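Structure assessment
Here are the chains, one letter per residue:
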Amino acid sequence: MRFSWMIPLVLLCVETVQSQGQVSEVEAPRHIVSGTVVDSVTGVPIPRALVKLEAQAARYVLTDANGTFRFEGVAEGLVHMEAEKPGFFRSGEAFPDASSASSFQISGDMNGVVLKLIPEARLSGHVRSSQGFPIEGFQIRVYRKNIVDGAVQWEDVVNVNTDHEGYFRIYSMPKESVIVSAGPEKWRLRPTGAKQVGYPLVFYPNAREFSAAGVLLVSPGEQIETDFSVDQQSLCELSGTVVGVPAAFDTKVELITQAGDPVPLGQPHPQQHEFFGYVTPGTYLLRASAEVNGKNLRATLPLTITGNTTGIQVSLASQLAIPVTLRTESDGNNNGTIEPFTANVELISTTSSFAPVRLSAEQMRDRDESVMEVAGAEPGTYRVEITPNDSYVKAATSGSTDLLQNDLVVPEAGRVSPIEVVLRNDGGEVGGKVKLPDRKGAATVLLVPASGSSRNIRTVAATREGNFLFEQVRPGTYLVLAFNRVDDLEYRNPDALSKYVTNATQVVVSARQRVTASLDLIELGN
């Protein structure tokens, strides 16, 4: 009898909860979201692709044989959808603008949603001897073309070896320009009296120099065959001695190919400082280094090997330091007093189009910011990049070399004349507005000297309203251009930029004067 009165109360609580749930269903209607996943190149539906719908929680479904998907019971509000499948790029991977992902505001049933997957490209091929025999374990490299600050740089992105049939295959390639190389065969010690032969470094289709390599344009879904046929060559003997290092200290010697790969060299007794090896004819860089009593000694020697090269002497010395001096020049409006200007100075190697070496000038100990030096510059050519603070560069020289127009040359032997930079702060301004379509999108504005080197081109991002401003502009004549994107525009190449000059606005900049320009937007495709 004590429990009979509790049963109706429990039933009442259940009914109350059910009633509240019905009210919730009324307040949050549910809808259907359906669509298709397709190949972005062919438009063909993709079966068994994984589709993700994300709102308050993530839900997943596989497309059917016709590439279609369907989600039921989707609450109103913002949802994010994306698709993926092996052999296709995922959202934002290599293609930031890919439409394999979308966001929607759900307020009713939504049918006909299309998600596009970008197919990966495939690069494959065989490496065989000229007699048709497959070459196993041969190194294959892929170099990708990048545009960095308006100039081309080649980046080593893939490194694979051929299988027992001389075959290689590379997946996951987006749309890009590439160069492919094969080799060289790694030298190995052979029995006494055996002939020293090996396969050289070759760039597709059959070039021995990187500059002569063929550039392949890889497009989504494309399958490219790159076959190599290589001949064995007699290897050239390479040997020498590192000098300038006490016998008690070890030395390190390495040979670098033009593709940036090290070639093994023998050093039986590092403290005796001798080295030897066998290499195929070609262009190399010989580097030697040692640490002696806390000092880093180095030497770099470019080599063009056409036959046996013996008796090389590599003389180590302390790292080359190039003095840098900043001089502030008065404009005559400061009553004889002027605060010294500062600037960042960087040497950027231009000897190779691979990822360049960047060396920054550092302030010398116990000196002010106007006295710096650049350490560690190896022989070669360098672009001197100067970024002034609240001023402009009137002149930059090293001896008789005008660094605003020419590269700095670091010779194999001898010193480099100090870099002298003259700074002023009476520059003009170039401002204005880019005509943006529908007042949306982005724009990058280029300020190009009408004459002289492309190294002096300046860039600035326009605001959303299209406004832009260059400050402290060196007096002179300039061309001003606006692009919707410059990430793949080689604007420091005069030939690449010349096709757009007709769309440029010319301005003449005077000291302490502002010039205004109205620019049409040059739209580059994806």
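About the cut-offs
Residues numbered from 1 in each chain as written. Predicted model: local features only at pLDDT ≥ 70, side-chain atom pairs only at ≥ 80, totals over all residues. Heavy atoms only, no water. Helix = DSSP H or I, 4+ residues; strand = E, 2+ residues; numbered from the N terminus. Buried < 20%, exposed > 50% of the residue type's maximum accessible area, 1.4 Å probe, protein only. Contact = heavy atoms within 4.5 Å. Areas by Shrake-Rupley, 256 points an atom, 1.4 Å probe, with all protein chains shown as cover. Salt bridge = Lys/Arg side-chain N within 4 Å of Asp/Glu carboxyl O. Core = buried A, V, L, I, M, F, W, Y, C linked by side-chain atoms within 4.5 Å. Patch = residues over 30% accessible without salt bridge, like charges linked within 9 Å, V, L, I, M, F, W, Y side chains within 5 Å. Phe/Tyr/Trp six-rings, centres within 6.5 Å; stacked < 30°, edge-to-face > 60°. Pairing = 2+ DSSP bridges. Axes fitted to C-alpha atoms, helices over the stretch in contact; angles between N-to-C directions. Polar contact = N/O pair within 3.5 Å; in protein donor to acceptor, adjacent residues only side chain to side chain.

**What about the overall build of the chain?**
On a plain count of helices and strands, the chain comes out with two helices and 44 strands. With 526 residues in all, the chain has 41% of them scored as buried. Sequence-distant contacts in the chain: of pairs separated by 6 or more residues, those separated by 24 or more amount to 68%. Summed over all atoms, the accessible surface of the chain reaches about 28300 Å², with 49% contributed by carbon and sulfur.

**What to know about the pattern of salt bridges**
Any two side chains of opposite charge can pair, so long as their charged atoms come close to each other. Applying the stated criterion across every chain, the model contains 21 salt bridges. Between arginine 144 and glutamate 155 there is a salt bridge, with its nearest N and O atoms 3.1 Å apart. Of this pair, arginine 144 sits in strand β10 (residues 139–148) while glutamate 155 sits in strand β11 (residues 151–161), and the two are eleven residues apart along the sequence. For glutamate 176, the salt bridge is made with arginine 144, and the minimal N-O distance between the two is 3.7 Å. Here the residue glutamate 176 occupies a position in strand β13 (residues 176–182), and arginine 144 occupies one in strand β10, the gap between them amounting to 32 residues. According to the relative accessible area criterion, arginine 144 is partly exposed, its value standing at 26%. A single salt-bridge network, built from bridges that share partners, covers Arg327, Glu329, Lys394, Arg424 and Asp426.

**Details of the nonpolar core**
Counting 26 residues, the largest nonpolar core has Ile322, Leu347 and Ile419 as its most contacted members. Setting aside residues no more than four positions away along its own chain, isoleucine 322 makes contact with Leu347, Met372, Glu373, Val374, Ala377, Leu408, Val410, Val416, Ser417 and Ile419.

**Some thoughts on a nonpolar patch on the surface**
Taken together, the side chains of Leu50, Tyr60 and Leu62 define a hydrophobic patch exposed on the protein surface, amounting to about 270 Å² of accessible area. When you line up the elements, leucine 62 lands in strand β3 (residues 58–62).

**Looking at the packing of aromatic side chains**
Summed over all chains, the structure comprises eight aromatic pairs. Measuring from ring centre to ring centre gives 5.9 Å for tryptophan 154 and phenylalanine 210, while their planes differ by 80°; the resulting arrangement is edge-to-face. Residue tryptophan 154 is found in strand β11, and its partner phenylalanine 210 is found in the loop between β15 (202–203) and β16 (216–218); the two are separated by 56 residues along the sequence. On the basis of an interplanar angle of 85° and a centroid distance of 5.4 Å, the ring pair of phenylalanine 203 and phenylalanine 210 is categorised as edge-to-face. Here the two residues phenylalanine 203 and phenylalanine 210 agree in accessibility, since each one is buried. Feature note: the residues Tyr143, Trp154, Phe203 and Phe210 constitute an aromatic cluster, connected by ring pairs.

**Observations regarding the sheet that holds strand β36 (residues 408–410)**
The four strands are arranged β30-β29-β33-β36 in an open sheet whose pairing can be described as antiparallel. The open sheet terminates on both sides in strands that have one partner only, identified here as β30 (358–360) and β36. When strand polarity is set aside, the average angle formed by the axes of neighbouring strands in this sheet is 30°.

**Topic: the environment of histidine 80**
Turning to its location among the elements, histidine 80 is positioned in strand β5 (residues 77–84). Here histidine 80 falls in the partly exposed class, since its relative accessible area comes to 27%. Sequence separation between histidine 80 and leucine 53 is 27 residues, and the spatial gap between their C-alpha atoms is 5.8 Å.

**Side note on the pairing of strand β25 (residues 295–305)**
Sheet topology places strand β24 (residues 282–292) next to β25; eleven bridges connect them, and they run antiparallel. Bridge pairing in β25 links leucine 286 to leucine 301. Taking the residues between adjacent antiparallel strands as the criterion, β24 and β25 are bridged by two residues, where asparagine 293 takes a positive phi near 50°.

**A short note on the sheet that holds strand β27 (residues 317–318)**
Read across the open sheet, the five strands follow the order β22-β21-β24-β25-β27; overall the sheet is antiparallel. Looking at which strands have only one partner, the edges of the open sheet turn out to be β22 (262–263) and β27. Relative to β27, β25 runs antiparallel, the two sharing two bridges. Bridging across to β27, leucine 297 finds its partner in serine 318.

**Some thoughts on the side chain of glutamine 472**
The residue glutamine 472 is located in strand β41 (residues 467–473) in this model. Within the structure, glutamine 472 has its side chain in polar contact with the backbone nitrogen of glycine 427 (distance 3.0 Å).

**Considering the side chain of threonine 300**
Of note, threonine 300 is situated in strand β25. Of note is the side chain of threonine 300, whose polar atom sits 3.3 Å from the side chain of glutamate 378. Residue contacts for threonine 300: discarding those within four places in its chain leaves Leu285, Leu286, Arg287, Glu378 and Pro379.

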